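Residue-level listing of the chains:
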Amino acid sequence: MEEKLYFKFNETLSQEDYIAFAKASPAYKMIIIVYAVLIAFLGIFIAITTKGDPYYAIVYFPLIIMLIVVLLLYPKSLGKNLYKNALALYGPATLSSEIAFCEDYIYDTDANGYRRYSYDRIKKVVERKNYYFLMISKTAGIVIKKDSITYGEGDFVSFINSKKVK
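Residues numbered from 1 in each chain as written. Predicted model: local features only at pLDDT ≥ 70, side-chain atom pairs only at ≥ 80, totals over all residues. Heavy atoms only, no water.

(A) Summary view of the nonpolar core. Within the largest apolar cluster, 18 residues are counted, with the highest numbers of intra-cluster contacts made by Phe101, Ile106, Leu134, Ile142, Ile144, Phe156 and Ile160. Elements with a minimum of two residues in this core: β1 (5-12), β2 (96-102), β6 (131-135), β7 (141-145) and α4 (156-165). The element contributing the most residues to this core is α4, with four residues. If near-sequence neighbours (up to four positions away) are discounted, Phe101 is found in contact with Lys4, Leu5, Tyr6, Phe7, Phe9, Ile106, Tyr119, Leu134, Ile144, Phe156, Phe159 and Ile160. (Core = buried A, V, L, I, M, F, W, Y, C linked by side-chain atoms within 4.5 Å. Buried < 20%, exposed > 50% of the residue type's maximum accessible area, 1.4 Å probe, protein only. Helix = DSSP H or I, 4+ residues; strand = E, 2+ residues; numbered from the N terminus. Contact = heavy atoms within 4.5 Å.)

What follows is the structure, encoded as structure tokens:
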């Protein structure tokens, strides 16, 4: 890795980090939209078909509650599964890594070696209070914990956006 280094992060990801990633993923946002539309249509259907009969409202109300509960629990469940799969596939050593942002590539180095990503693979940068998520697809990305920075100055998101445009 002889390229100029701009930013470097040393981090260890936890189950909570994977849950945060699940919440930030575009796939989860699509699920929210689908569930919201489903709940709205179900509500309209109930209003039209029951004609004020409380029996039908009692039957459909638990279904709406179930849809809302599933929606709220989904990111936690997905995050736990992502974490469990990462441990099973790569082992606990891969949860600690050094991510270096150089001139032409991103290097993600862990106990199993390194992966190199070109900036043009980044489809979207999602910024949250404690994270940057560099989305490679709707369900895959690189998790960067903001407090894990060990090298670099300036606006990280602007840097990434300038690199992925090239």
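(B) Structural detail: helix α1 (residues 15-24). Of all ten residues making up α1, seven are buried, and the element is well covered by its neighbours. For α1, every residue scored as buried is listed here: Asp17, Tyr18, Ile19, Ala20, Phe21, Ala22 and Ala24.

(C) Local environment of the sheet that holds strand β4 (residues 113-118). Strand order across the open sheet formed by five strands is β4-β3-β2-β1-β8, with antiparallel pairing between neighbours. The sheet is open, and its two borders are formed by β4 and β8 (149-151), each paired with just one other strand. Each neighbouring strand pair of the sheet contributes to a mean axis angle of 20°, computed without reference to strand direction. As judged from the four bridges shared by β2 and strand β3 (residues 105-110), these two strands associate in the antiparallel manner. Pairing of Glu98 across the sheet is with Thr109, part of β3. (Pairing = 2+ DSSP bridges. Axes fitted to C-alpha atoms, helices over the stretch in contact; angles between N-to-C directions.)

(D) The sheet that holds β7, seen in detail. Strand order in the open sheet made by the three strands is β5-β6-β7, with antiparallel pairing throughout. Strand pairing shows two members of the sheet lacking a second neighbour, β5 (124-127) and β7, which therefore form its edges. Looking at each pair of strands side by side, their axes are set apart by 15° on average, direction ignored. In this sheet, β7 lies alongside β6 in antiparallel orientation, the contact comprising five bridges. Looking at the pairing, Tyr132 lines up with Ile144 of β7.

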